[in-house]
Amino acid sequence: MRLSTEERAMRDGDGGDAVAAAMDLLIRYGEGLGAERLCAVKNVAGTTTQPTPAKTQLLREGGWAKAFAVTSLDCDRDVEIPPMRVPTCQLQQGFSADALQITPYNPHLVELQEGAEAFATDRGINILATCTPYQVGNLPVFGEHIAWMESSAVVYANSVLGARSNCEGTTSTGAASLTGRIPYWGNHLAENRYGTHHIDVRYPVRSFQDWGLLGYFSGGLVQEERPVLTGDLADVDSEKLKHLGAAMATSGGVEIFHLPGVTPEASTLEAAFGGRDVPDSVPYTDAERRSAYERLNSNGSSEDVDFILLGCPHASLNQMREIADLLDGKTLNPGTELWVMTPRALRSVAERNGYVAAIQRAGGKVLTDSCPAMSRVAPEGTRVFATDSAKQAHYLPAILGIEAWFGTTRECVEAAISGRWRGELR
Amino acid sequence: MSRTTERNELAHDSASRAAPRLVLTGRGIVPGRAEARALVTTQTISGWGGIDPSTGTVIEKQHELEGISFAGRILVFPGAKGSSGWSGFFQSSRLLGSPPAAMLFTTVTTKAVLGAVVTRCPTVIELDGDPVALIRTDDWVEVDGDRGRVSVFDAAPTGAGGGAGEGVRVL
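Residues numbered from 1 in each chain as written. Chains lettered and ligands numbered in written order. Predicted model: local features only at pLDDT ≥ 70, side-chain atom pairs only at ≥ 80, totals over all residues. Heavy atoms only, no water.

Enquirer: Account for the overall build of chain B, naming residues and giving values.
Expert: When helices and strands are tallied, chain B shows three helices and twelve strands. Residues counted as buried form 58% of the 171 residues belonging to chain B. Accessible surface for chain B amounts to roughly 6400 Å². Of this, 50% is attributable to carbon and sulfur atoms. (Helix = DSSP H or I, 4+ residues; strand = E, 2+ residues; numbered from the N terminus. Buried < 20%, exposed > 50% of the residue type's maximum accessible area, 1.4 Å probe, protein only. Areas by Shrake-Rupley, 256 points an atom, 1.4 Å probe, with all protein chains shown as cover.)

This is the structure:
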């Protein structure tokens, strides 16, 4: 891999041992990919604070610096960790102390994370603590090269914002934050961003649920490739694009999609394919929609629902308002818990607007920083849960061993009130 | 930047061994040499939510390797899927003592390449034949990450100890 003078100096220790270790990791990684060079980034979204068994062991051996060196730089040497070289944020992490009264989360893990957070903030890492940094002020500009983790955030950044990121990992984002570099490969190059598959949407897609089902179908179809969606699509908004991309990155590994006329790199169908031949389209009809719905509901059998989860990816203010409105004047079933996940920054606005109080009056809980999949925790005794998120319906049965129902936001709130799952595909 | 992987390197006694059934060549992306029995899957693997790094066991529901550990095996798979936590989970399998002996995969993605790099097990990609189709579970495989060479044998060499169940934990 070709290195600039500045990059060679970083590799050789001019920026200190941690920067040299970061450059060593980027070189091993970049050469593994077959990248010709690195590119400059000034926006890194990674994760260094969430507690893990490996980190617990490393902390005992050599404190937070050791844990950071190994898990964020893949470096075995004892190195001093300097401030981050470029703006860096922490994505979702484990639950924090404010969740201890609400969730059966281990207080020891909260304590561990507080230590990691203090170490990170001392070095300039902004604790956004959300899977949706783009909802709380981290908005890269069109064409900007960035280094992000979190599959649902990466697909949003590439597709909706037109920024350029691969799906990075803990060590590559750690190394990027100390060097301002990432391998120039994959989604960073224009020719790798054009569509590969054309999906012709024949069933009318309007609702939040339908945008999620379309995403779940599309990801399963194209796997790691790049779908272009045209046809009977309307009423699009940022929440629906967030759901669409998160579902694609769950059933497949989609990192970029195009909606001609909506997303910025596809003014037309032809532009979405970069002027190459548009491939034969694959139809999305009611049959594909039903099949996606059935797959997402294949882990549900009991209609007695213990737990409702909303806000995956983390809820926007509009979603918080919708949930608050649906709960207005209602009371949750005594045996059913409702958790709404949102970024802490949006929670403070939602408090100001009265949405949090409205959800709490009905008996619901508003949580931040994390989610049941990330923190591997649900209300005590949960056997059956329901969600409006294709991503959580897919992952949570494997992670927590519970049954799942996938439906609309309204069906989920109604199940929280009645304790019974009555969802169906209309 | 060269980093040798010593922990997985086994004594190689070419004199006591039959010729390989198959030799594949490709690009070594993690240096070092390892040989062990293969564990092959035709399904992509999830890191986060898909493996238990403390035992190297695949935990994804309905995965064909569910309940089987890749610890100490040559892990042969088509590619990585799911969360960006993939590499962190595979790095953890090394830190917690249960990494694969080597990796061979078909589809080159950031998740799988970074995962191989931080797991530090010899890895060869861009092979001149699809390893998932050509290698069978329990074949004896030597992965040479320095030379980008993979040798596949029908049986373990004498004395290498490749008996059934060795290196595998079925939960």
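Enquirer: Tell me what's going on with the state of the cysteines, and back it up with residues and numbers.
Expert: Per the stated rule, a full pass over the model turns up zero disulfides over all chains. Left without a disulfide partner, B:Cys121 is nearest to the cysteine sulfur of A:Cys75, which lies 19 Å away. The class for B:Cys121 is buried, based on a relative accessible area of 1%. (Disulfide = S-S within 2.5 Å.)

Enquirer: If you had to explain the packing of aromatic side chains to someone new, which residues and values would you point to?
Expert: All names here are of chain A. One pass over the structure, following the stated rule, counts 14 aromatic pairs over all chains. Ring centres of Trp405 and Trp421 lie 6.1 Å apart, and the angle between their planes is 15 degrees; on these two criteria the pair is classed as stacked. Linking Trp405 in strand 14 (residues 403–406) with Trp421 in the segment after helix 16 (409–418), this pair joins segments that are 16 residues apart in sequence. The two residues Trp405 and Trp421 agree in class, both being buried. What links up through ring pairs into an aromatic cluster is the set Phe95, Tyr105, Phe307, Trp339 and Phe385. Here the guanidinium or amino end of Arg37 rests over the ring plane of Tyr184, the centre of that ring lying 3.9 Å away. (Phe/Tyr/Trp six-rings, centres within 6.5 Å; stacked < 30°, edge-to-face > 60°. Lys NZ or Arg CZ within 6 Å of the ring centre and 35° of its normal.)

Enquirer: Tell me about the sheet that holds strand 11 (residues 337–341) of chain A, and name the residues and values.
Expert: Residue and element names in this part refer to chain A. Taking strand neighbours across the sheet as the criterion, the five strands line up as 12-11-10-13-14 in an open arrangement whose pairing is parallel. At either end of the open sheet lies a strand with only one pairing partner, and these are strand 12 (365–367) and strand 14. If you compare each strand with its neighbour and ignore which way they point, the axes differ by 25 degrees on average. Here strand 11 runs beside strand 12; their pairing, made up of three bridges, is parallel. Bridging across to strand 12, Trp339 finds its partner in Lys365. Most of the contacts of helix 15 (residues 390–400) go to strand 13 (residues 384–387), to which it runs at about 160 degrees, and overall it touches strand 10 (307–310), strand 13 and strand 14. (Pairing = 2+ DSSP bridges. Axes fitted to C-alpha atoms, helices over the stretch in contact; angles between N-to-C directions. Contact = heavy atoms within 4.5 Å.)

Enquirer: Break down the side chain of A:Lys66 for me, with residues and values.
Expert: The topology assignment puts A:Lys66 in helix 3 (residues 53–73). Apart from residues lying up to four places away in sequence, A:Lys66 is in contact with A:Leu58, A:Glu61, A:Asp76 and A:Asp78.

Enquirer: Tell me about the sheet that holds strand 9 (residues 102–105) of chain B, residues and numbers included.
Expert: All names here are of chain B. Pairing is mixed in the open sheet, where eight strands are placed in the order 1-12-11-3-7-9-10-2. Strand pairing shows two members of the sheet lacking a second neighbour, strand 1 (22–25) and strand 2 (27–30), which therefore form its edges. Neighbouring strand axes in the sheet, compared pairwise and without regard to direction, differ in orientation by 25 degrees on average. Both strand 1 and strand 12 (residues 149–153) contribute to a ladder of four bridges, which runs antiparallel. Pairing of Val23 across the sheet is with Ser151, part of strand 12.

Enquirer: Can you lay out the pattern of salt bridges for me, pointing to particular residues and giving the numbers?
Expert: Going through the model one piece at a time under the given rule, you end up with 39 salt bridges over all chains. Its salt-bridge partner being B:Arg94, residue A:Asp74 comes within 2.8 Å of it at the nearest N-O pair. With A:Asp74 in the loop between helix 3 and strand 3 (88–90) and B:Arg94 in helix 1 (residues 86–95), the pair connects residues from two separate chains. On the basis of relative accessibility, which here comes to 1%, the residue A:Asp74 falls in the buried class. Of the charged contacts, one joins B:Arg37 and B:Asp138 as a salt bridge, the two residues approaching to 2.2 Å between their closest N and O atoms. (Salt bridge = Lys/Arg side-chain N within 4 Å of Asp/Glu carboxyl O.)

Enquirer: Help me get a handle on the nonpolar core, residues and values and all.
Expert: Within the largest apolar cluster, 63 residues are counted, with the highest numbers of intra-cluster contacts made by A:Leu73, A:Ile81, A:Leu178, B:Leu75, B:Phe90 and B:Phe105. Looking at this core element by element, the count peaks at ten residues for helix 2 (residues 17–33) of chain A. Beyond its immediate stretch of four places on either side in the chain, A:Leu73 contacts A:Ala18, A:Ala21, A:Ala22, A:Leu25, A:Arg28, A:Phe68, A:Ile81, A:Thr171, A:Gly174, A:Ala175 and A:Leu178. (Core = buried A, V, L, I, M, F, W, Y, C linked by side-chain atoms within 4.5 Å.)

Enquirer: Any details on helix 10 (residues 286–296) of chain A? Residues and values, ideally.
Expert: Residues and elements named next belong to chain A. Those residues of helix 10 lying buried are Arg289, Ala292, Tyr293 and Leu296. The buried residues of helix 10 occupy one face: seen down the axis, they fall within an arc of 100 degrees. Across helix 10 from its buried face, at more than 90 degrees, point the exposed residues Ala287 and Glu294. Where helix 10 is buried, its residues meet strand 7 (197–205), helix 7 (208–222), strand 9 (281–284), helix 15 and strand 14. (Arc of directions from axis to C-beta.)

Enquirer: How would you explain the environment of B:Val141 if you had to name every residue and give the values?
Expert: Residues and elements named next belong to chain B. Within the element layout of this structure, Val141 appears in strand 11 (residues 140–144). You can call Val141 buried: its relative accessible area is 0%. Those residues within four positions of Val141 in sequence are excluded, and the remaining contacts are Ala34, Glu35, Ala36, Ala38, Ile74, Leu104, Ile135, Val150, Ser151 and Val152.

Enquirer: Hey, could you go over the side chain of A:Thr173 for me, with residue numbers and the actual values?
Expert: Residue and element names in this part refer to chain A. Structurally, Thr173 is set in helix 6 (residues 170–179). Using a relative accessible area of 3% as the deciding quantity, one classes Thr173 as buried. Polar contacts involving the side chain of Thr173 include one to the main-chain carbonyl oxygen of Gly169, which spans 2.8 Å. (Polar contact = N/O pair within 3.5 Å; in protein donor to acceptor, adjacent residues only side chain to side chain.)

Enquirer: Tell me about the packing of helix 3 of chain A against helix 4 (residues 107–122) of chain A, residues and numbers included.
Expert: Residue and element names in this part refer to chain A. For the pair helix 3 and helix 4, interaxial distance at closest approach is 10 Å and the crossing angle is 20 degrees. When the axes of helix 3 and helix 4 are compared, the pair comes out roughly parallel. You can see that helix 3 and helix 4 cross each other, and the crossing is right-handed. Where helix 3 abuts helix 4, its residues Thr56, Leu59, Trp64, Ala65 and Phe68 lie against Leu112, Gly115, Ala116 and Phe119. Class assignment for the residues of the contact of helix 3 with helix 4 results in seven nonpolar, two polar and no charged. (Parallel < 35°, antiparallel > 145°, perpendicular 65-115°, else oblique. Left-handed = near helix turned anticlockwise from the far one by under 90°. Nonpolar A, V, L, I, M, F, W, Y, C, P; charged D, E, K, R; others polar.)

Enquirer: Explain the interface of chain B and chain A to me, using residue names and the numbers behind them.
Expert: The interface of chain B with chain A comprises 28 residues on the first partner and 37 residues on the second. Scanning the region where chain B abuts chain A turns up three salt bridges. At the boundary of chain B with chain A, the tally comes to nine residue pairs in polar contact (both at pLDDT 80 or more). For the side of chain B that touches chain A, the secondary structure elements donating two or more residues are strand 2, helix 1 and helix 2 (110–119) of chain B. Per-element tally for the side of chain B that touches chain A: the top contributor is helix 2 of chain B, with six residues. Among the residues making up the side of chain B that touches chain A, the classes are represented as twelve nonpolar, ten polar and six charged.

Enquirer: An account of the environment of A:Tyr134 is needed here, citing residue identities and associated values.
Expert: All names here are of chain A. Position of Tyr134 among the secondary structure elements: in the loop between strand 4 (125–127) and strand 5 (147–148). Once the C-alpha coordinates of Tyr134 and Ala234 are considered, the two residues, 100 residues apart in sequence, prove to be 23 Å apart. Those residues within four positions of Tyr134 in sequence are excluded, and the remaining contacts are Leu139, Trp148, Ala153, Tyr156, Leu161 and Lys242.

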